[in-house]
Every structure is written in C-alpha cells, then in structure tokens.
Amino acid sequence: MKPSPAEVLTRIIDALEADLIAATDEDIAAVAADLGMKPHMKGSVALFDLIAGGRFGDVAIHLEAPGEQDNGTQLPPDDETSPRVKERSHRDH
Amino acid sequence: MPAQRPKLTHKTFEGKPAQRALATALVSVNDLLRLKAIARLHAHGLSGDVGWNDILQEAILRVLEGKRRQPEGVSIVAFLAGVMRSIRSEYRRRARREARECSPRPREDAHDRDALSNVPDPAPDPEALLATAQQLAAIDAMFLGDLQALQVLAGLGEGLTPEEMQTTYAMSKTDYDSTRKRMRRALLRAGLAWRTS
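Residues numbered from 1 in each chain as written. Chains lettered and ligands numbered in written order. Predicted model: local features only at pLDDT ≥ 70, side-chain atom pairs only at ≥ 80, totals over all residues.

*Asks:* I'm lost on the overall build of chain A in this one. Help?
*Replies:* Scanning chain A from N- to C-terminus turns up five helices and zero strands. Listed by position from the N terminus, the elements making up chain A come as α-α-α-α-α. Within chain A, the proportion of its 93 residues that are buried is 29%. Of all intrachain contacts in chain A linking residues separated by at least 6 positions in sequence, the fraction that spans at least 24 positions is 35%. (Helix = DSSP H or I, 4+ residues; strand = E, 2+ residues; numbered from the N terminus. Buried ≥ 20, exposed ≤ 12 C-beta atoms within 10 Å, placed from the backbone. Contact = placed C-beta atoms within 7 Å.)

And the structure:
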C-alpha cells in the first residue's frame, strides 16, 4: 500500500534529522568555512540569531555593527578585519 | 549514572535559553549548530507566528527549567531534537484546534457535540494536506540538481533500506554513502546560512 504524504514526510524528516544529529565536527567546520563563518569566534554570525538579544557585551557590539540590517541579505563572513571584530578586539584589550 | 545537570551560576539567568545553555555547558557550539539546522528542518510548514528559533529556544528552556530530563545514554542533541518534535506537534494540534473553532459549524445539541468529540477525524483536512505538500516541496528544493539525492529522498519516503535504494536506483555503496554525505552537508548549509526567516 502506498504511504500517505504525511507518512512520507515523517519518514524523510526522521531520516534527515538523524543525519543532522550524526553530523561530525568536520562536517560542521567544512560547511561553516563554505559560508565564511567562524562559529567558535565570539559574536559569530553562525549563532547570532540564537543569542542576539542577550545581555552579554559581545552581542551588544554585534547588534550595533554596520552592514547587518535585517534586510534578508547574506551577512558578511566572520572576517578578522571586519569592523565589528576590530571594535570588539579594541574593547577586549 | 544520570545525565550531569548543568551548573547554575548568576549568569545562567541572563540572555536567551540558547545562550544560557552555552554558558552552563549544557551544549557546545557545534551542538547548537546541529540543533539550529534540525530546528529549521522541523519548522517547515509551521504557521507564520512560530518559527524555528521559537521551537529551539522553547526546547532548551524546558530542559533548563527541569521540565524535561535527558535520559541516560541519549545525546543532548538527540534529546533536544525529540523535545522540538514534541513542541512542533503541540503547535500544530493547537493551530488545528483553533482553525476548527474559528470555522462555522452547523447547529448541534450538547449530546451530539459530546459524541462527535470522541470520534477521530478519518481524513486529513485540506490545510494539513497543503502543509505536507509544501514541506515536501521545501525539502526537495534543498537538493535540486542532485538526482541521486532526490532518489535517496524518494527511497526514504518509501521506507526503503539503504540496500534497497542501491538496488532500486542502481547506485553503488560508495555512491550511496557519498550522496548521504552531500545531503548532510546541504542540510547543514541550509540550516546555518544566514537568513531573516
């Protein structure tokens, strides 16, 4: 008997979820590098939407950084030379 | 041995749940990235007022507040993924109930209403069918141009085993394994890419 669309969807989501749970650190590092992200750097765009609005200083600096308007465009990569990183480094020292 | 409880400090109560989970070492950065991609996968087809971030933050909050306890032997990512799945189901049930309450109903007396409330609806409603079709289309769209990935998706939907997929789609084991790896990275890419939705 042919599975219903809901059954098909459940099976696919379950399988893809299992793939993501099993994703290795190497997979994550490769994808982050492709996207120009440095997730382990404080204030990285990779975690921005998960922690923005918190009260840690780095996030506050991140929110004020230029070029990060909520316009649906790709954010600049986590580049050491970007203004927000420079600003943060300056503050940290 | 029960799962180790996160250590609570004064900083625990600052920021969003995801930030608190990081601060208390409940999750690592890579765990959060896995969870972000999983949350986006689960959020396809949800109504506009609930997004992937809501589902993920709520799941973490329930664990931080002790409403959900991580079973022994289950990784935190797998556990939180299960909590997210349950939250998504709650939202969907609530949305369906609200939609039913808002739609006009023929007059019934109290006795009929009680009897009807105990009978399960045998057919999915059109809204649910549409949402399912949209979710399937959104998942397919992540793998456009990758024929083998689309074949694997079809096989997963049919409930085929990896061996059955390899036979059905004339794929070697190496092809199958590398397709699954491409799919995993495509999912991660879709999950981690910056977008405002």
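*Asks:* In this structure, what is going on with the interface of chain A and chain B? I would like to understand it.
*Replies:* Interface size is often expressed as the accessible area that is lost when the parts come together. Taken together, the contact between chain A and chain B spans 40 residues of the former and 42 residues of the latter. For the side of chain A that touches chain B, the secondary structure elements donating two or more residues are helix H1 (5–21), helix H2 (25–34) and helix H3 (45–51) of chain A. The element contributing the most residues to the side of chain A that touches chain B is H1(A), with 13 residues. Looking at side-chain class alone, the side of chain A that touches chain B contains 26 nonpolar, five polar and nine charged residues. (Nonpolar A, V, L, I, M, F, W, Y, C, P; charged D, E, K, R; others polar.)

*Asks:* Mind showing me how you'd approach the environment of B:Gly82 here?
*Replies:* Within the secondary structure layout, B:Gly82 lies in helix H4 (residues 76–102). Residues B:Gly82 and B:Glu158, 76 residues apart in the sequence, show an inter-C-alpha distance of 22 Å.

*Asks:* What should I look at first to understand helix H7 (residues 147–158) of chain B in this one?
*Replies:* Note on helix geometry: an α-helix contains 3.6 residues per turn, so any two residues three or four positions apart are oriented the same way. All names here are of chain B. Spanning 12 residues, H7 covers 17 Å between terminal C-alpha atoms, matching the ideal 16 Å at 1.5 Å per step. Buried within H7 we find Val152, Leu153, Gly155 and Leu156. The buried side chains of H7 occupy one side of the element, clustering within an arc of 165 degrees when seen end-on. Immediately downstream of H7, the backbone of Gly159 shows phi near 80 degrees, a positive value. (Expected span 1.5 Å × (residues − 1). Arc of directions from axis to C-beta.)

*Asks:* Even after reading the chapter, I still don't get the domain arrangement of chain B, so can you show me in this structure?
*Replies:* All names here are of chain B. You can read the domains of chain B as domain 1 (1–104) and domain 2 (143–191). With four residues of domain 1 at the contact, the number on the domain 2 side is four residues. Among the residues forming the side of domain 1 that touches domain 2, the class breakdown is two nonpolar, no polar and two charged. (Domains from an automatic or database assignment.)

*Asks:* What should I look at first to understand unusual backbone geometry in this one?
*Replies:* The phi torsion of most residues other than glycine is negative, and most of the peptide bonds are trans. Residue and element names in this part refer to chain B. Although it is not a glycine, Ala25 sits at a positive phi angle of roughly 60 degrees. Mapped onto the elements, Ala25 comes out in the loop between helix H1 (17–23) and helix H2 (29–43). For Ala170, which is not a glycine, the phi torsion comes out positive at approximately 50 degrees. With respect to the helices and strands, Ala170 occurs in the loop between helix H8 (162–168) and helix H9 (173–192).

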